[in-house]
Amino acid sequence: MAKPEIEFVDPDTHYSWRPVEGDTLGIKEKILSEDPKTKSYTRLLKFPPGIRTAETLVHDFWEEVWIVEGELIDLAKKQTFCAGFYACRPPGMKHGPYDIPRGCVTFEIRYYL
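Scope of this entry: the structure provided in the associated data block. (Residues numbered from 1 in each chain as written. Predicted model: local features only at pLDDT ≥ 70, side-chain atom pairs only at ≥ 80, totals over all residues. Heavy atoms only, no water.)

**What about the nonpolar core?**
Membership of the largest hydrophobic core is limited to 10 residues, which are V20, I27, L45, F47, I51, I67, L72, Y98, I100 and C104. Elements with a contribution of two residues or more to this core: β3 (40-47), β5 (62-74) and β8 (98-100). Residues in contact with I27, not counting those within four places in the same chain, are R18, P19, V20, L45, K46, F47, P48 and I51. (Core = buried A, V, L, I, M, F, W, Y, C linked by side-chain atoms within 4.5 Å. Buried < 20%, exposed > 50% of the residue type's maximum accessible area, 1.4 Å probe, protein only. Helix = DSSP H or I, 4+ residues; strand = E, 2+ residues; numbered from the N terminus. Contact = heavy atoms within 4.5 Å.)

Quick look at the structure:
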C-alpha cells in the first residue's frame, strides 16, 4: 500500500509527538504519512534546545528537509542553517554533526528510488 490519502489536517491536533526510535538526545517526531512497503515517510522532527549530535550521517535513501523553526549549526561545515532553509540529500551524502542551541523543528521527506 502506498502512503494514505490525507486531506488537510492540523498536525498540532491530529498527530502526537513520539520519541525517535534509538535516539538518546530527546529528539521527537510526528509521522505525517508513511508507506510501510517502501519505508518512505514524511515527518516533523523536533530537536530540543541545547543538544549536540556526535555523528556524521549518511543514508541509503533520499532526504529532503525544510527548517520550519529554529536553527541547526553544521559543525563540519561551520555553517548555521535557520528557518526557511531547505536541503535535498541524495543517498550517500554526508551531513552533520549538528549543534542545536535553541531547538529546531524540521519538515522531512524520506524516500527510496
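So that's the structure; there's more coming.
**Overview of the environment of I73**
Locating I73 in the fold gives a position in strand β5. Taking the C-alpha atoms as reference points, I73 and A2, 71 residues apart in sequence, are found 34 Å from one another. Once you skip the residues sitting within four places of it in the chain, I73 turns out to touch Q79, T80, P97, Y98, D99 and P101.

**Focus on the pattern of salt bridges**
Pairs may arise between side chains of opposite charge once their charged atoms sit close together. According to the stated counting rule, one finds nine salt bridges in the structure shown. Its salt-bridge partner being E29, residue R43 comes within 2.5 Å of it at the nearest N-O pair. Here R43 is found in strand β3, whereas its partner E29 is found in strand β2 (residues 28-35), with 14 residues between them in sequence. By relative accessible area, which is 6% here, E29 ends up buried. Of the charged contacts in the structure, one is a salt bridge between K77 and D74, with a shortest N-O distance of 3.8 Å. For D74, a relative accessible area of 2% gives the class buried. Through salt bridges with shared partners, a single ionic network connects R18, E29, R43, E63, R89, E108 and R110. (Salt bridge = Lys/Arg side-chain N within 4 Å of Asp/Glu carboxyl O.)

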